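# Tertiary structure, described
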Amino acid sequence: MSTATLTIDLGALTSNWSALAAMGQAEAGAVVKGDGYGLGAARVGRALAKAGARTFFVAVAEEGVALRQALGPGPVIYILSGHMAGDADMLGDLDLTPILNSLDQMIRHLEALPSHPFGLQLDTGMNRLGMEPNEWAAVRDIAVAQNPQLIISHLACGDQSGAAMNTQQLSTFRQMTAGLDCPLSLANTGGILLDKAYHFDVTRPGIGLYGGLPFARARPVVSLDIPVIQCRDVAPGEAVGYQGAWRARRPSRVATLGAGYADGILRCLGDRIDVWADDVRCPVIGRISMDLICVDVTDTSSDPRSVALLGPQQGIETLAEAAGTVGYEILTSMSPRYTRRYLGG
Ligand SMILES: *Cc1c(COP(=O)(O)O)cnc(C)c1O
């Protein structure tokens with residue numbers, strides 16, 4: 001086998017969900033958009049449902065269809081992008097609940113699927129999705145009369161505990177929902193960690209389930225092992241890889257790994273990351289190619305059969321920092337080529 005193996009610890013995932021759920025009284029939902037943050041929405045969703053999750057959030061109706069097929073009837077599946085043109089059959093047939101973001105979506109929904117459940121999103125300052133305060137003031141009474149299942153808003157800075165934007169959004173959300181008798185939801189992972197005041201009735205943890213920041217106490221969920229295809233000796237002065245970008249300064253042992261930038265391992269990471277052969281650090285050397293990476297295994301006691309890019313020695317945040325990005329993007333960039341292996345669940 002020359003594809004890398006992505007191991008997903010469903011036990012760690014569900015324990016992260018339980019830990020976030022235990023931080024307050026609210027019902028903990030689970031955000032499984034982006035194919036379960038790259039880890040497989042069907043497997044992730046089933047494990048979370050078994051652990052007790054009853055409310056799921058995905059980005060688009062197509063993801064909702066796949067998730068419904070994996071979960072079966074019962075759990076509520078919310079569609080964050082709302083009711084888009086052409087979605088009515090999917091929403092109706094698979095019992096998916098759109099979270100309506102605008103007056104246009106509300107009209108579309110009430111015309112196409114009258115009496116089909118829906119939620120609403122309010123914009124409290126992020127200016128991405130949801131109805132703005134003046135728009136909301138105009139439609140609020142009509143919308144509420146149609147019995148929304150959930151009213152949500154989303155925090156722009158939930159992962160920054162000191163940000164003034166959080167308290168502003170919280171107070172705007174309170175104003176916009178004052179006097180309503182409808183379940184409310186504001187907190188993503190960051191919002192859950194901020195303060196119970198952000199929890200309301202239903203929380204929407206995503207990244208924390210998968211072991212990412214800002215949930216620093218999360219159990220790591222993923223590890224990635226890449227097979228070694230070939231090892232060779234390289235004499236001092238010899239070059240390795242495209243552009244001869246790395247040259248040996250000592251008699252070296254070089255291993256060629258079966259993964260590359262086509263798998264989401266960004267080429268710019270070439271001189272910034274290491275892999276691990278058990279507890280021996282092996283620097284990536286030279287340019288990362290499309291399907292191959294060369295690493296320096298001179299310090300290992302024997303040629304490794306595989307090495308870990310993600311594991312106990314190095315998590316998604318280390319990779320994210322080296323790539324100038326966030327853990328979310330490291331997870332959602334995981335190659336479809338990787339063999340996915342699930343533990344527990
Ligand atoms: C992605 C998303 C979440 C989950 O956010 P995390 O930071 O991953 O916990 C919650 N709510 C909405 C509306 C989202 O788009």
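Now for a quick tour of the structure. (Residues numbered from 1 in each chain as written. Predicted model: local features only at pLDDT ≥ 70, side-chain atom pairs only at ≥ 80, totals over all residues. Heavy atoms only, no water.)

### Things to note about the layout of surface pockets
- Considering only enclosed or pocket space, the largest pocket measures out at about 470 Å³ in volume.
- In this structure, the largest pocket is lined by 22 residues; those nearest its centre are Lys33, Arg128, His154, Asn188 and Tyr328.
- Broken down by class, the residue content of the lining of the largest pocket amounts to 11 nonpolar, 7 polar and 4 charged. (1 Å grid on protein atoms, 1.4 Å probe; cavity = no way out; pocket = protein on both sides within 12 Å on 5 of 7 lines; lining within 4 Å. Points joined across faces, edges and corners; volume = space filled by probe spheres on them. Nonpolar A, V, L, I, M, F, W, Y, C, P; charged D, E, K, R; others polar.)

### Points about the nonpolar core
- Counting residues in each nonpolar core, the largest one holds 98 residues, and the members touching the most others are Leu48 and Trp136.
- Among the elements that line this core, the one with the most residues is helix H1 (residues 10–21), at 6 residues.
- Residues within four places of leucine 48 in sequence aside, it is in contact with Leu13, Thr14, Trp17, Ala30, Val32, Ala53, Phe56 and Leu209.
- If you look at the next biggest cluster of nonpolar residues, it comprises 7 residues, including Val234, Val240, Trp246 and Val254. (Core = buried A, V, L, I, M, F, W, Y, C linked by side-chain atoms within 4.5 Å. Buried < 20%, exposed > 50% of the residue type's maximum accessible area, 1.4 Å probe, protein only. Helix = DSSP H or I, 4+ residues; strand = E, 2+ residues; numbered from the N terminus. Contact = heavy atoms within 4.5 Å.)

### Digging into the pairing of strand S17 (residues 293–296)
- Taking every second residue as pointing to the same face, both faces of S17 are buried, with Ile293 and Val295 on one and Cys294 and Asp296 on the other.
- Of the pairings in the sheet, the one linking strand S16 (residues 280–285) to S17 comprises 2 bridges and is antiparallel in character. Among the inter-strand pairings, valine 284 is bridged to a residue of S17, identified as valine 295. (Pairing = 2+ DSSP bridges.)

### Concerning the packing of helix H3 (residues 41–51) against helix H4 (residues 61–71)
- Put simply, H3 and H4 touch, their axes get as near as 9 Å, and they point 50 degrees apart. Judged by the angle between their axes, H3 and H4 are oblique. Remark: the crossing between H3 and H4 carries right-handed chirality. Counting all contacts with H3, which are made through Ala41, Ala42, Gly45, Arg46 and Ala49, the residues of H4 involved are Leu67, Ala70 and Leu71.
- When grouped by side-chain class, the residues that make up the contact of H3 with H4 number 6 nonpolar, 1 polar and 1 charged. (Axes fitted to C-alpha atoms, helices over the stretch in contact; angles between N-to-C directions. Parallel < 35°, antiparallel > 145°, perpendicular 65-115°, else oblique. Left-handed = near helix turned anticlockwise from the far one by under 90°.)

### Some points on the site of the ligand
- Taken together, the neighbourhood of the ligand is formed by 13 residues, with Lys33, Tyr37, Thr189, Ile207 and Tyr328 sitting nearest.
- A distance of 2.8 Å separates an oxygen atom of the ligand from a polar atom in the backbone of glycine 206.
- A distance of 2.6 Å separates an oxygen atom of the ligand from a polar side-chain atom of tyrosine 328.
- When the free accessible area of the ligand is taken as 390 Å², the share hidden by the protein chains comes to 94%.
- Judged by the proximity of its atoms to the pocket grid, the ligand belongs to the largest pocket. (Near = heavy atom within 4 Å. Polar contact = N/O pair within 3.5 Å; in protein donor to acceptor, adjacent residues only side chain to side chain. Areas by Shrake-Rupley, 256 points an atom, 1.4 Å probe, with all protein chains shown as cover. Sits in = over half its atoms within 2 Å of the grid points.)

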